[in-house]
Amino acid sequence: MPKSDSFICNQQMVDLGQEKASSQTCDPVEVKENPWVSVREMQIGCWTSFTGEDKAEVHILSLNYAATNSKMFSLEMTNARPMKLIITSRDNIHGANYINAESNVNIYVKSPVMELSDETKPSIKVELGYGKTKENYLKFLQEEAMLFSLTILKIIGLYWEPINNDSTVNLHSTHHPSNIHKKDFPTQDEELMKWATQEFGGVTSFTTIRNLKKIILTGTEGTTSGSQDCILKNEDPLEKPFLEINAEPLDSSFNFCSPVQRSPGDDAELHIINIPENANTRNVSVRVNTEKTSLFLRGPQGTTWTFVNLQHTKLWINNKLVLPTIPNSIEPSVRLDSDSAEDVQREALNYFKVSTFTSYMEIRPQSLTPLLVLGQKGTSKVPNIIPEPETPSTTTGPQQMPLLMQLYTSPDYRSPLDPNTKVQSDKRIYAEISGHTFGDIVWTIKVISCFVRSKGSCPVVKELPFMPEACSLNSCPNSTRLSFSLDQIQELTSTTWDLECSVKLCYSEKCGDGGRVKRNLEVTQPCLQPPTPPCFDFGLPGVLGIAFGGFLIGVLLIGALWFIKIKTGYPTGLDMTSTAASLPGCPCSGAKRQPVSSNPSPSENSSANASIGSTQSTPTSSMA
């Protein structure tokens, strides 16, 4: 980083809305490096999901070198996956190759393979401090020969002239030269792609590297999701995780200053990038390796800024904006014609309502396709995010906007579901998918499909029907809501699932692929309880209704009985007086009592006398 005395800082007053605030600006000076922003070059390439019938990947390396470069590189493939590697170059280049004996790797070049010999210049080997082995010769080529010209290497015996003049790639290998094949293939990019497709069935990746020093194939899977058709376009080679690339940096200079002395990576960073009006560059790519960063991008009219990845970024831009998820460019909503450092810095401070910024950079790129990488120096690629089981969710693919999926147990979306909490399969689940903001752009997220995949040795995939839930733009900025039931997996034994939804990101009715958002889901079967009799819960209206109904029924019943009495009267065959007389304790009517006969029959008299004599002896004697 340039010394602090290289910067000329000015204390100025900048109008921040309604009030004045003290702010720092600075005068830029020419430097060779920037601790926050590095300049690279976009290259032609592609990346697909293709693998051959033999499960081997097919990769193409196109190596280009500047005239002043040594044109030598090291190729390390000790951990490489099964693959077919095609190496081509417009220059006459030399490489030291390391390959694993057990790996299923085949290399294809247009030059003869030169194997080192134990008898080659033994005195030179001793003088250089290396042993008399082919391995140490190769070590010398890798560690020391980079510093020598090809003429010196030819003198000491480590350089051979190619057998045929059309050979451009010369690999020096001490192990398994049988894995290196010479093929007569074309050197033009498009023609080479056609040849590889006809020869091997397709191409997994095409990578162009400028001024390569060392490349390592890491053993990581070299495919990506999506199509198997390799279509060449501008790309950043360092975004491919299966390659570790060490290349000469792009020779460029720019004007730079920073009014504050701070370490890269501090919070609340504001970076200002200005392309002067007289610059020839009109297409600039930007990669953001840090989160929660503010960017002020200013360029001449006709400039297009293309973001190769999406991060949570506050953005001001006065030119067209191209995002990886939207097929069409987004027109600017602001304008700034002045390209002076002072005007640009003051406009940035005014827009973001801050008193200072992190860095100011004024560039005139020599390349027609420059790539600005925002992040700490040495940060070459954005690591792939691998979701842990306890994290809410993530998206797949390095170019997708980071999305989050949060689950809820109720439609009011007030009770978030913990990732480790088990959900009963008979319950309805509510989900909210949200994305990070990118400048002032308001996204519309559309869910295309959802499915669940069981975890285990034999995964089961089930499509999951869903229903969109109402959510206003004010309540759900850059998010969408939906709900679904787990009826599809009630009969399955697995309890751990991956819930995954495919989404699209839309801006002003223009939609692009938003990738997939994934979430871990723990499911449990509902407990079967014995049926219980229904319990009726009556409220006050029900009780009053029942009471009034009973009263009304009683009135009607009494009225009906009274009506029957009036119409029919007493039955004629019923002697009410005799009946009433025979009832004990009943006050009788005015009818006279019938006389009882005093002369019983002989039989009755005898039995009656006996009964009376046995039960009422005293009264009988007194009557006598």
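Residues numbered from 1 in each chain as written. Predicted model: local features only at pLDDT ≥ 70, side-chain atom pairs only at ≥ 80, totals over all residues. Heavy atoms only, no water.

A. Highlighting the packing of aromatic side chains. Evaluated as defined, the whole model comprises nine aromatic pairs. Measuring from centroid to centroid gives 4.9 Å for Tyr 351 and Phe 352, while their planes differ by 90 degrees, and the two rings are edge-to-face. What makes Tyr 351 partly exposed here is its relative accessible area of 29%. Of the residues examined, Phe 352 reaches a relative accessible area of 15% and is grouped as buried. Ring centres of Tyr 413 and Tyr 430 lie 6.0 Å apart, and the angle between their planes is 75 degrees; on these two criteria the pair is classed as edge-to-face. Placement of the pair is Tyr 413 in the loop between strand S27 (403–408) and strand S28 (422–424) and Tyr 430 in strand S29 (residues 428–435), with a sequence separation of 17 residues. Per residue, the accessibility class of Tyr 413 equals that of Tyr 430, and both read buried. Among the aromatic residues, ring-to-ring pairing joins Tyr 108, Phe 185, Trp 195 and Phe 200 into one connected group. For the cation-ring pair, Lys 110 lies above Phe 185, with the distance from its terminal atom to the ring centre recorded as 5.8 Å. Across the ring face of Tyr 413, the terminal group of Arg 481 is positioned such that the distance to the ring centre comes to 4.3 Å. (Phe/Tyr/Trp six-rings, centres within 6.5 Å; stacked < 30°, edge-to-face > 60°. Buried < 20%, exposed > 50% of the residue type's maximum accessible area, 1.4 Å probe, protein only. Helix = DSSP H or I, 4+ residues; strand = E, 2+ residues; numbered from the N terminus. Lys NZ or Arg CZ within 6 Å of the ring centre and 35° of its normal.)

B. Expanded view of the pairing of strand S6 (residues 57–64). Among the eight residues that make up S6, eight are buried, leaving the element largely enclosed by the rest of the structure. Judged from the seven bridges that link them, S6 and strand S8 (residues 83–89) form a sheet pairing that is parallel. When the bridges of S8 are listed, Val 58 appears paired with Lys 84. The pairing of S6 with strand S13 (residues 205–210) spans six bridges and is classified as parallel. Counterpart to His 59 in the pairing with S13 is Ser 205. (Pairing = 2+ DSSP bridges.)

C. Highlighting the state of the cysteines. One pass over the full model with this rule turns up four disulfides. The disulfide bridge from Cys 26 ends at Cys 257, spanning 2.0 Å between sulfur atoms. Handedness of the Cys 26-Cys 257 disulfide follows from its S-S torsion of about 65 degrees: it is right-handed. Here Cys 257 lies in strand S17 (residues 254–257) and Cys 26 lies in strand S2 (residues 19–27), a separation of 231 residues in the sequence. The exposure classification of Cys 26 matches that of Cys 257, with both residues buried. Paired through a disulfide, Cys 450 and Cys 501 show a sulfur-sulfur distance of 2.0 Å. Negative torsions about the S-S bond denote left-handed disulfides, and the value of about 110 degrees found for Cys 450 with Cys 501 makes this one right-handed. One end of the pair, Cys 450, is in strand S30 (residues 444–454); the other, Cys 501, is in strand S34 (residues 496–507), and 51 residues separate them in sequence. Here Cys 450 matches Cys 501 in class, with each residue buried. (Disulfide = S-S within 2.5 Å.)

D. Just the pairing of strand S25 (residues 370–374), in detail. The buried fraction of S25 amounts to five of the five residues, a majority that puts the element mostly inside the structure. Residues Pro 370, Leu 372 and Leu 374 point to one face of S25 and Leu 371 and Val 373 to the other, with burial holding for every one of them. Sheet topology places strand S4 (residues 37–41) next to S25; five bridges connect them, and they run antiparallel. Looking at S25, one finds that Arg 40 is bridged to Leu 371. Pairing between strand S19 (residues 283–288) and S25: four bridges, direction parallel.

E. Structural context of the nonpolar core. With 54 residues, the main nonpolar core has Trp 305, Phe 307, Leu 407, Ile 433, Phe 484 and Leu 486 as its most contacted residues. For this core, the element with the most residues is S34, which contributes five residues. Apart from residues no more than four positions distant in its own chain, Leu 407 is found in contact with Ser 415, Pro 416, Leu 417, Ile 429, Tyr 430, Ala 431, Phe 484, Leu 499, Arg 519 and Leu 521. Counting residues in each nonpolar core, the second largest holds 27 residues, with Ala 80, Ile 99, Val 169 and Leu 212 among its members. (Core = buried A, V, L, I, M, F, W, Y, C linked by side-chain atoms within 4.5 Å. Contact = heavy atoms within 4.5 Å.)

F. Broad picture of helix H4 (residues 189–200). Taking 1.5 Å of rise per residue, the 12 residues of H4 would be expected to cover 16 Å, and the 16 Å separating its terminal C-alpha atoms lies within 8% of that figure. Restricting attention to buried positions, one finds in H4 the residues Leu 192, Met 193, Trp 195, Ala 196 and Phe 200. Buried positions in H4, seen along its axis, are confined to an arc of 165 degrees and lie on one side of it. On the buried face of H4, the contacting elements are strand S5 (43–47), S6, S8, strand S10 (105–109) and S13. Looking one or two residues beyond H4, the residue adopting positive phi is Gly 201, at roughly 95 degrees. (Expected span 1.5 Å × (residues − 1). Arc of directions from axis to C-beta.)

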